[in-house]
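Observations on chain architecture
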Amino acid sequence: MTGFFNEMYADGGAQVRAHYREFERWLASQPADIVARKRVEADLMFRRVGITFAVYGSDAGTERLIPFDIIPRIIPAAEWATLEKGLKQRVQALNLFIHDLYHEQSIVKAGIVPAEQVFRNAQYRPEMQGITVASDIYSHIAGVDIVRAGEGEFYVLEDNLRVPSGVSYMLEDRKMMMRLFPELFACHKIAPVAHYPDLLLDMLRSVAPQGIDDPTVVLMTPGMYNSAYFEHAFLAQQMGIELVEGKDLFVDDNHVYMRTTRGPRRVDDDFLDPLVFRPDSAIGVPGLMSVYRAGRVSLANAIGTGVADDKSIYPFVPDMIRFYLSEEPVLNNVPTWQCRKKEDLQYTLDKLETLVVKEVHGAGGYGMLVGPASTKAEIEDFRQRLIARPEGYIAQPTLALSACPTYVDAGIAPRHIDLRPFVLSGKSVTMVPGGLTRVALKEGSLVVNSSQGGGTKDTWVLEK
């Protein structure tokens, strides 16, 4: 693997970056057998507490342990300050955009975002038009995927505004590192993340319906067969709130009541209320939408939020920041070709072998083509899909994602990574320093998603 930014080493491996020096000295002093034993211990503990993820299509079954790597991703304080500023700016603009879409639609009228990109979008919910939500916040919890392509060269790869997952792994990875290697936390000033559940609960309480001073907060989940069941159960337990299924809630006299305290997934919009959305839903709450319209319940994240994290909307986020905030974006988008445009489609078809092509509604690393890593047959198959339905795809250059040393079968080797920080929006916008670092464990792979076999690392933000 060459031609990428190495998070730990500079000058082709000749020098250790300043913020990694203390860790690198510690790592070099560790006997190989001790490290191997600690890695096995980590796997056993993760398996014992049930930290698994569904890998669809895997021959190994539906549930798999997410690999955890003990070499952390370390971020200097100054670098984090820039990331935090850019993330807060971006999420603020996205919330203003969603509110605008369901009210004045100023950005559409101004011709900045095409009307067809919004109103023909499967995630646009006309039922939300004109509904007032608490504090005008729609995406209360956002997970924004960040990649680095060079020194100080960060890009936003994706905005996850509906059901951003992974924060439980961020918290568990930190607990694991502190348990296995407490000495590292004595010689590094690492910003804490353990208070995230407290921040999350405070934020949720802050967006309670008007006039409710002591709200009841519950986490609604479709059940134990959902891929993120562990995360839902974990967060409910950490916040000290009830984990419920749709059948545990009912509506009476335009109020929502809880029938039981047993349960657990955040339910997709289509399934929330069978009286308004899918009538065949068996996991929603009949009448929930009417209570929502009346302002007597808050939903996080709000119904209709998905219109803003669709990949066909992603290219317009820098313009949203300029339009709503009158600021220049702190964090850049990846250059993007919108295949619905004739000239962009032609460019994409001509350069398929060099580009990454994604479905606009795709998620989890599915439905995409990484040109340089694909066979000629795969490229030609994707070409036919593009020609048949160009509006369903965007294309981007294949970035040389930064890499971090990672334990693999042959020892330690660089593997590509990204970062998913979590942004909480309520009365204010808050974050914990860091996020979930995901790592592509296969050599040369750029796909870090857990659903595609990726692993995780602890993320250290160094305090000044």
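Residues numbered from 1 in each chain as written. Predicted model: local features only at pLDDT ≥ 70, side-chain atom pairs only at ≥ 80, totals over all residues. Heavy atoms only, no water.

The next point concerns the overall build of the protein. What the protein contains, in helices and strands, is 14 helices and 22 strands. By its C-alpha atoms, the protein is 65 × 55 × 45 Å across when sized along the principal axes. Burial statistics for the protein: of 464 residues in total, 55% are counted as buried. Charge-centre separation for the protein: the mean point of 49 positive side chains lies 2 Å from the mean point of 59 negative side chains. (Helix = DSSP H or I, 4+ residues; strand = E, 2+ residues; numbered from the N terminus. Buried < 20%, exposed > 50% of the residue type's maximum accessible area, 1.4 Å probe, protein only. Lys, Arg positive; Asp, Glu negative; His and termini not counted. Charge placed at Lys NZ, Arg CZ, Asp CG, Glu CD.)

So, on to the sheet that holds strand 16 (residues 393-397). Here we have four strands laid out as an open sheet, ordered 13-16-14-15, and antiparallel in their pairing. A strand with exactly one partner marks an edge of an open sheet, and here the two such strands are strand 13 (337-338) and strand 15 (368-370). With five bridges joining them, strand 14 (residues 355-359) and strand 16 adopt antiparallel strand pairing. Looking at strand 16, one finds that Lys 358 is bridged to Ile 394. Running over the sheet, helix 14 (residues 376-388) touches strand 14, strand 15 and strand 16 and is turned about 135° from strand 15. (Pairing = 2+ DSSP bridges. Contact = heavy atoms within 4.5 Å. Axes fitted to C-alpha atoms, helices over the stretch in contact; angles between N-to-C directions.)

When the charged atoms of two side chains with opposite charge come close together, those side chains can pair. In the structure shown here, the tally under the stated rule is 21 salt bridges. Residue Arg 148 pairs with Glu 7 through a salt bridge whose shortest N-O separation is 2.9 Å. Of this pair, Arg 148 sits in strand 6 (residues 141-150) while Glu 7 sits in the segment before strand 1 (9-10), and the two are 141 residues apart along the sequence. On the accessibility criterion, Arg 148 (2% relative accessible area) is buried. With relative accessibility at 1%, the residue Glu 7 sits in the buried group. For Asp 214, the salt bridge is made with Arg 205, and the minimal N-O distance between the two is 3.1 Å. A residue is classified by how much of its surface remains accessible, and Asp 214, at 61% relative accessible area, is exposed. Several salt bridges share partner residues, and in doing so they unite Glu 7, Arg 73, Glu 79 and Arg 148 into one network. (Salt bridge = Lys/Arg side-chain N within 4 Å of Asp/Glu carboxyl O.)

A few words on the packing of aromatic side chains. Scanning the entire structure with this criterion turns up 15 aromatic pairs. The interplanar angle of 25° and the centroid separation of 6.1 Å between the aromatic rings of Tyr 102 and Tyr 138 together place this pair among those described as stacked. Linking Tyr 102 in the loop between helix 3 (77-101) and helix 4 (106-109) with Tyr 138 in the loop between helix 5 (115-119) and strand 6, this pair joins segments that are 36 residues apart in sequence. For Tyr 102, a relative accessible area of 0% gives the class buried. Residue classification places Tyr 138 among the buried positions, given a relative accessible area of 0%. Following the ring pairs from residue to residue traces out a cluster consisting of Tyr 20, Phe 23, Trp 26, Phe 181, Phe 185 and Trp 460. (Phe/Tyr/Trp six-rings, centres within 6.5 Å; stacked < 30°, edge-to-face > 60°.)

What follows concerns the side chain of Thr 456. Note on placement: Thr 456 falls in strand 22 (residues 455-461). Look at Thr 456 and you get buried, because its relative accessible area is 2%. Polar side-chain contacts of Thr 456 include one of 2.9 Å to the side chain of Asp 173. Discounting residues that sit within four places of it in the chain, Thr 456 has contacts with Ile 66, Pro 67, Phe 68, Asp 69, Asp 173, Leu 436, Thr 437, Arg 438 and Val 439. (Polar contact = N/O pair within 3.5 Å; in protein donor to acceptor, adjacent residues only side chain to side chain.)

The next subject is the environment of Ile 70. Relative to the assigned elements, Ile 70 resides in strand 5 (residues 68-75). Those residues in contact with Ile 70, other than ones at most four positions away along the chain, are Phe 23, Val 35, Arg 39, Met 177, Phe 181 and Tyr 407.

One can find Met 220 in strand 8 (residues 218-220). Take Met 220: its relative accessible area is 13%, and that puts it in the buried class. Between the C-alpha atom of Met 220 and that of Trp 26, which follows or precedes it by 194 residues, the distance is 44 Å.

So, about the confidence of the model for the protein. Parts of the prediction with low pLDDT should not have their coordinates interpreted in detail. Model confidence for the protein is summarised by a mean pLDDT of 88, while 91% of its residues fall at 70 or above. Note on residues 260-271: pLDDT is under 50 here. Beyond four places in sequence and across chains, it has 57 contacts. (pLDDT = per-residue confidence, 0-100.)

Burial of strand 16 is extensive: four of the five residues sit out of reach of the surface. Summarising the sheet, strand 13 and strand 16 pair through two bridges and their orientation is antiparallel. Opposite Trp 337, over in strand 16, you have Ala 395 as the bridge partner.

A few words on unusual backbone geometry. Ala 300 connects to Asn 301 through a cis peptide bond whose omega is 0°. You will see that Asp 136, though not glycine, has its phi angle at about 60°, which is positive. Tracing the sequence through the fold places Asp 136 in the loop between helix 5 and strand 6.

Interaxial distance between helix 8 (residues 196-206) and helix 9 (residues 229-239) falls to 9 Å at its minimum, and their mutual angle equals 80°. When the interaxial angle is binned, helix 8 and helix 9 end up roughly perpendicular. Here helix 8 contributes Tyr 196, Pro 197, Leu 200, Leu 201 and Leu 204 to the contact with helix 9, which in turn contributes Leu 235, Gln 238 and Met 239. For the contact of helix 8 with helix 9, a count of residues per class yields seven nonpolar, one polar and no charged. (Parallel < 35°, antiparallel > 145°, perpendicular 65-115°, else oblique. Nonpolar A, V, L, I, M, F, W, Y, C, P; charged D, E, K, R; others polar.)

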